[in-house]
Structure formats: C-alpha cells, structure tokens
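Commentary on secondary and tertiary structure
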Amino acid sequence: MSGLTKLVAGNWKMNGFSASLGELKAMIEGAKTLSGVDLAICPPATLAAQAGWTLKDSTIALGGQDCHAEKTGAFTGDVSAEMWADIGAKYVIVGHSERRAMHGETDAVVSAKASAVLRAGLTPIICVGETLAERDADKTVEVVSSQLAGSVPEAAGKASFVVAYEPVWAIGTGRTPTTAQVAEVHAMLRQALEKRFGAHGRTIRLLYGGSVKPDNARELMSVPDVDGALVGGASLKSADFLAIARAAA
Ligand code: PGA
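Here the structure is a predicted model, which is why all the values come from computation and not from measurement.

1. Side note on the overall build of the chain
Tallying secondary structure elements over the chain gives 10 helices and eight strands in all. Since a compact globule built from 249 residues should have a radius of gyration of about 18 Å, the 17 Å found for the chain is in line with a globular shape. Over its C-alpha atoms, taken along the principal directions, the chain stretches across nearly 45 × 45 × 35 Å. Here the chain, with 249 residues, has 51% of them falling under the buried criterion. When contacts within the chain are restricted to residue pairs at least 6 apart in sequence, those whose partners lie at least 24 apart make up 73%. As presented, the chain carries roughly 11,000 Å² of accessible surface, and 53% of it is formed by carbon and sulfur atoms. The positive charge centre, built from 24 side chains, and the negative charge centre, built from 26, are 4 Å apart in the chain.

2. Some details on the packing of aromatic side chains
Scanning the model with the defined rule gives two aromatic pairs in all. Between Phe 161 and Phe 197, the aromatic rings sit 6.0 Å apart at their centres with planes inclined by 75 degrees, giving edge-to-face as the arrangement. Linking Phe 161 in the loop between helix H7 (140-151) and strand S6 (162-165) with Phe 197 in helix H8 (residues 179-197), this pair joins segments that are 36 residues apart in sequence. Phe 197 gets classed as buried once you look at its relative accessible area, which sits at 12%.

3. Some remarks on the site of the ligand
The immediate surroundings of the ligand are formed by Lys 13, His 96, Glu 166, Ala 170, Ile 171, Gly 172, Gly 210, Ser 211, Leu 230, Val 231, Gly 232 and Gly 233. At a separation of 2.7 Å, an oxygen atom of the ligand approaches a polar side-chain atom of His 96. Here an oxygen atom of the ligand and a backbone polar atom of Gly 233 are 2.8 Å apart. When the ligand sits alone it has 280 Å² of accessible area, and the protein chains cover 97% of it.

4. Some words on the pattern of salt bridges
Pairing is possible between side chains of opposite charge, provided their charged atoms come close. Scanning the model with the defined rule gives 14 salt bridges in all. Residue Asp 66 is joined to Lys 113 by a salt bridge in which the shortest nitrogen-to-oxygen separation is 2.9 Å. One end of the pair, Asp 66, is in the loop between strand S3 (60-64) and helix H3 (81-86); the other, Lys 113, is in helix H5 (residues 107-119), with 47 residues separating them in the sequence. Judged by its relative accessible area of 8%, Lys 113 falls in the buried class. Of the charged contacts in the structure, one is a salt bridge between Asp 107 and Arg 100, with a shortest N-O distance of 2.6 Å.

5. Remarks on the pairing of S6
Residues Val 162 and Ala 164 of S6 are buried on one face, and the alternating residues Val 163 and Tyr 165, pointing to the opposite face, are buried as well. Pairing of strand S5 (residues 123-128) with S6 involves four bridges; the strand directions are parallel. Each bridged residue has a counterpart across the sheet, and for Val 128 the counterpart in S6 is Tyr 165. By the bridge criterion, four bridges tie S6 to strand S7 (residues 205-209) in an arrangement that is parallel. Counterpart to Val 162 in the pairing with S7 is Arg 205.

6. Looking at the side chain of Glu 166
Within the fold, Glu 166 resides in the loop between S6 and H8. Buried Glu 166, no salt bridge; nearest opposite-charge side chain is Lys 13, N-O distance 6.4 Å. Setting aside chain neighbours within four positions, we find Glu 166 in contact with His 96, Cys 127, Val 128, Gly 129, Glu 130, Ile 171, Gly 209, Gly 210 and Leu 230.

7. Observations concerning the sheet that holds S6
Taken in spatial order, the eight strands close into a barrel running S1-S2-S3-S4-S5-S6-S7-S8, and their pairing is parallel. In this sheet, neighbouring strand axes are inclined to one another by 25 degrees on average, regardless of whether the strands run parallel or antiparallel. With three bridges joining them, strand S2 (residues 37-42) and S3 adopt parallel strand pairing. Note that in S3 the partner of Ala 40 across the bridge is Ala 61.

8. Re the environment of Gly 63
Following the sequence through the fold, Gly 63 ends up in strand S3. With 20 residues separating them along the chain, Gly 63 and Pro 43 place their C-alpha atoms 7.2 Å apart. For Gly 63, the contacting residues outside a window of four places in its chain are Ile 41, Cys 42, Pro 43, Trp 84, Ala 89 and Tyr 91.

9. Comments concerning the side chain of Ser 211
Here Ser 211 is to be found in the loop between S7 and helix H9 (214-221). A polar contact is formed between the side chain of Ser 211 and the backbone oxygen of Ala 170, at a distance of 2.6 Å. For Ser 211, the side chain forms a polar contact with the main-chain nitrogen of Thr 173, separated by 3.5 Å.

Each value, and the rule that gives it
- Residues numbered from 1 in each chain as written.
- Predicted model: local features only at pLDDT ≥ 70, side-chain atom pairs only at ≥ 80, totals over all residues.
- Heavy atoms only, no water.
- Helix = DSSP H or I, 4+ residues; strand = E, 2+ residues; numbered from the N terminus.
- Rg over C-alpha atoms; globule rule 2.2 N^0.38 Å.
- Buried < 20%, exposed > 50% of the residue type's maximum accessible area, 1.4 Å probe, protein only.
- Contact = heavy atoms within 4.5 Å.
- Areas by Shrake-Rupley, 256 points an atom, 1.4 Å probe, with all protein chains shown as cover.
- Lys, Arg positive; Asp, Glu negative; His and termini not counted.
- Charge placed at Lys NZ, Arg CZ, Asp CG, Glu CD.
- Phe/Tyr/Trp six-rings, centres within 6.5 Å; stacked < 30°, edge-to-face > 60°.
- Near = heavy atom within 4 Å.
- Polar contact = N/O pair within 3.5 Å; in protein donor to acceptor, adjacent residues only side chain to side chain.
- Salt bridge = Lys/Arg side-chain N within 4 Å of Asp/Glu carboxyl O.
- Pairing = 2+ DSSP bridges.
- Axes fitted to C-alpha atoms, helices over the stretch in contact; angles between N-to-C directions.

Structure follows, in structure tokens:
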C-alpha cells in the first residue's frame, strides 16, 4: 500500500445536460458524510462553469476532460488549462485513450498538455493504457512504460500530478483486468516514477480506470499501489459514484 489518500475522479465524457446538475447536487450531499478520500467530477465543457458554481465550497473538486497546450489564441473549439483554472478547476485529464485514438494525440502532445496544466497551477491526470491487441501480444508493460515516459513532462518532477492506468479494452466494456494484472502494471508505474523522480515518485497517485463499478471498486481499490479510480459510466449516477467513493474511503 502506498498510504496516499485515494482520489476518485468521475469523467462524464460527452454526457450530461443542465438536468444532470441535479445528480451533481446529490453527489455533493452524499459526499458530506465521506472522509479520507478526494473526489472530483469532470463534466463536459458546456456544463463546466455551472458545475464549478455548484461544486464551490463542496468536498468535490471540478476537473476538465482535456485542454489545449497554449494559454489563449486562435484555436477554435479548444479550452486552455488557464481557462479551467479560471472557473475553479483543480484537475485536468490529459491523454485519455479516446483522445489518443480519435484525435491522434501522441505522447508528445499529451506531455505538452500536461505541462500546460502544471503551468496553470492545476493537477494533470495523465492517462496511459494498452489496447487488447497489445495485451494479447504481451506488450502491456512495454507500451504503458513508454507512454508514461513520453507523456509525463520533466516539470512534473517538482509538481503534483496523477497517473491513470486505463486498459483500453476495459473502458466502457464491463471487462476488467484481474487484480494481479492491475497490480503488475501499477507496480511497474510506481517503480518507473521512483526511478525518474526519486522520493517524489512515491507521492504520485496511480488511479485505475476501466469499468469501475460499485461491485468491483472495493477489490480494485485494495490492490497495492492503486490510489483511486478514474470512473466513466458509473460516475453519471450519484448513487454509483458515491458507492465507489465509499469503497475508496
Ligand atoms: P468507464 O470509463 O468507467 O465507463 O469504463 C473509464 C474511463 O474512460 O475513464
């Protein structure tokens, strides 16, 4: 066990309308009775400002799902890390596999985005994870360690950041790796971070993500070096998100 306070971050992806703020309010209420766990919700950009107001003074932090590497400029449709900071966000997810796959984001792009998040004074949640073909070819450790090396910028050596291990084949599929498979990757991530950043590497929270649900959260959260969860589908319903949060507390 790393002994770090666990973080449960909900990634709403492209889900959520104004009516979903009711779920957020229920989460805030439910989270009042929880201690010993950090919580965050990353809504879509359209809800971010309203969500920020709703979450203000609550125990749930606001997070962004992505950002541009530049602070401002002619980048139609993009949002910068400084803009997330401006509305009170604490975290920004970068390098999610959906962005890597559908928007062609390379490790270098992810690293530049993570640097931008740090520049804005926020905490990046840097995602890594292998595809099913890579796992079947026994390349998991190789792929994930190379993504980690390329996606975590040098500036992270002196800053707080989070790494999320999300096997692509486990995202939204209801399939999860065995606890032994999760343990193997998380131990490798911890070792690589310690090798690169020394003692600072022991303070970095390593989240597991991919079909985390109320019924598997406790088991996943008990794996050594799993310091929380990045939750997609199950973070859309307050009851499920709170159940996962309770399993981490
Ligand atoms: P899921 O998504 O929990 O719906 O599998 C996880 C993620 O993509 O962060």
